[in-house]
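# A structural walkthrough
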Amino acid sequence: MKRNSTPFIYHPIYSDLVLPPRHRYPIGKYRALQQWAVRHGAKPEQWLTAQPLNWDKVATVHCRNYIRRLQNNDFTKAEWRRIGFPWSQQLLTRTLTSAGGTLQTVEVALQQQLAIHFSGGYHHAHYDWGSGFCLINDLAIAARHAVDNLGLSSVLIFDTDVHQGDGTATLFSNESRIITCSIHSQKNFPFNKAQSDIDVGVADDISEADYLQTVFDTLESAINRFQPQLVLYDAGVDIYQRDDLGKLGISLAGIYQRDLQVLGLLQQRQIATAVVIGGGYQRQLDRLVTAHGQLLRAAHHLFSA
Ligand SMILES: [Zn+2]
């Protein structure tokens, strides 16, 4: 199916969060990517503004007591250290908005086949604990919404961020309608891996050709086996050879090829695809945004008339 433009879901709050100086989280990348997209021809009508979730929606996947403690800044120092952000009201609002954006991306993707969220992929958030910059699991909330409220019976979460989607895996270990699949660096964080429905832990010295073949084969076999009506695709770019937290050696061209083959296969099978940009931690912002931009290039190549 060819269309003129892919819907982009975004909110300025994604980059507005104030963090301590030299904090390793690249908070500026969301706005920089939005500006990159505009410079590369995104039209005003493509943009949709993300809407924050309410806490009841968060409770569809997270523990009520965890939510209360998060709202009240009632975590221990060790818990905050594991999360990696300092508490603020702004952090809560940003987190709810980002999760709302992923849910909205799912709804739009079901109508228009493809939608891209300029945030999302907080896959290290578990039922009652957060970790690795993740407080609430947007992928999980959106997938649960799709099966509980939108009538879907098979949803695939296809996660190619360099880190395993451990929170998503544990949240859905007993949910047969939601299939979790993670392709990640076996030796990277989280060091205690969870069990997804499909896990592919790759070696850090995997060749680019083998990595790309692995991604394609894993997605194709998951589609054939589970016949998903919707795929949530985490297109994290911390697989990039210049990433500060990743350990793989994938080039910029490799990121483009990965996204092109994932989106291409899903387009060919006519499966609705909701994409989140996921991780990417290179400190050099221009390079980081160029890496995330490969996703937009791939979508443009496939979906523009
Ligand atoms: Zn990551």
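Calculation rules
Residues numbered from 1 in each chain as written. Predicted model: local features only at pLDDT ≥ 70, side-chain atom pairs only at ≥ 80, totals over all residues. Heavy atoms only, no water. UniProt positions renumbered as here; feature names shortened; annotations may be inferred. Helix = DSSP H or I, 4+ residues; strand = E, 2+ residues; numbered from the N terminus. 1 Å grid on protein atoms, 1.4 Å probe; cavity = no way out; pocket = protein on both sides within 12 Å on 5 of 7 lines; lining within 4 Å. Points joined across faces, edges and corners; volume = space filled by probe spheres on them. Nonpolar A, V, L, I, M, F, W, Y, C, P; charged D, E, K, R; others polar. Donors = N, O, S within 2.8 Å, 3.2 Å for Na, K, Ca; no water. Tetrahedral: all angles 85-135°; square planar, octahedral: opposite > 155°, others 65-115°. Axes fitted to C-alpha atoms, helices over the stretch in contact; angles between N-to-C directions. Parallel < 35°, antiparallel > 145°, perpendicular 65-115°, else oblique. Left-handed = near helix turned anticlockwise from the far one by under 90°. Contact = heavy atoms within 4.5 Å. Expected span 1.5 Å × (residues − 1). Buried < 20%, exposed > 50% of the residue type's maximum accessible area, 1.4 Å probe, protein only.

The protein chain is annotated in an unreviewed UniProt entry as Histone deacetylase of Idiomarina tyrosinivorans. Looking at the protein chain in UniProt, the text filed under Sequence similarities (unreviewed entry) is "Belongs to the histone deacetylase family."

The UniProt feature table records "domain: Histone deacetylase" (unreviewed entry) at residues 30-292. As a span, residues 30-292 carries 43% helix and 13% strand, and end to end its C-alpha atoms are 10 Å apart.

Here the focus is the layout of surface pockets. Space inside the largest pocket adds up to approximately 310 Å³. H124, G132, F133, L245 and Y281 are the residues nearest the centre of the largest pocket, which is lined by 24 residues in total. Its residues placed into classes, the lining of the largest pocket shows 9 nonpolar, 10 polar and 5 charged. The volume enclosed by the second largest pocket comes to roughly 260 Å³. Looking at the second largest pocket, it is lined by 17 residues, and the ones nearest its centre are F8, H40, A42, L296 and H300. If you list the elements that add at least two residues to the lining of the second largest pocket, you get α2 (29-39) and α11 (285-303).

What follows deals with empty space enclosed by the protein. Tallied over the full model, the rule gives 4 cavities of 30 Å³ or more. Considering only enclosed or pocket space, the largest cavity measures out at about 70 Å³ in volume. What lines the largest cavity is F85, L91, R94, T95, S98, A99, Y122, F133, L135, I136 and D138. Top element by residues in the lining of the largest cavity is helix α6 (residues 89-112). It accounts for 5 residues. Within the lining of the largest cavity, the residues separate by chemical class into 7 nonpolar, 2 polar and 2 charged.

Turning our attention to unusual backbone geometry. Here the residue pair F189 and P190 is connected by a cis peptide bond, since its omega of -5° sits within 30 degrees of zero. Its place among the elements puts P190 in the loop between β5 (178-185) and β6 (198-202). Residue N73 is not a glycine yet carries a positive backbone phi of 55°. By the secondary structure assignment, N73 is in the loop between α4 (64-71) and α5 (77-83).

Note on the zinc ion: its protein donors are D161 (OD), D161 (OD), H163 (ND1) and D238 (OD). The metal-donor distances range over 1.9 to 2.8 Å. Considering all 4 donor atoms around the zinc ion, the spread of angles at the metal, 52 to 156°, places the coordination shape in the irregular class. Sequence positions of the residues that donate to the zinc ion give the spacing D-x1-H-x74-D. With H163 in the loop between β4 (155-159) and α8 (166-171) and D238 in the loop between β7 (230-234) and α10 (252-268), the pair connects residues that are 75 residues apart, well separated along the chain.

With that settled, the discussion passes to the packing of helix α9 (residues 208-226) against α10. Put simply, α9 and α10 touch, their axes get as near as 10 Å, and they point 15° apart. Considering the angle they form, α9 stands roughly parallel to α10. The hand of the α9/α10 crossing is right-handed. Here E208, Y211, L212, V215, F216, L219, E220 and I223 of α9 come into contact with α10, specifically with A253, G254, Q257, R258, Q261, V262, L265 and L266.

What follows is about α6. Helix length check: α6, at 24 residues, gives a terminal C-alpha distance of 34 Å against a target of 34 Å (1.5 Å per residue), a fit within 8%. Most of α6 is tucked away, with 17 of its 24 residues classed as buried. Downstream of α6 by a residue or two, Q113 has a phi angle that is positive, lying close to 75°.

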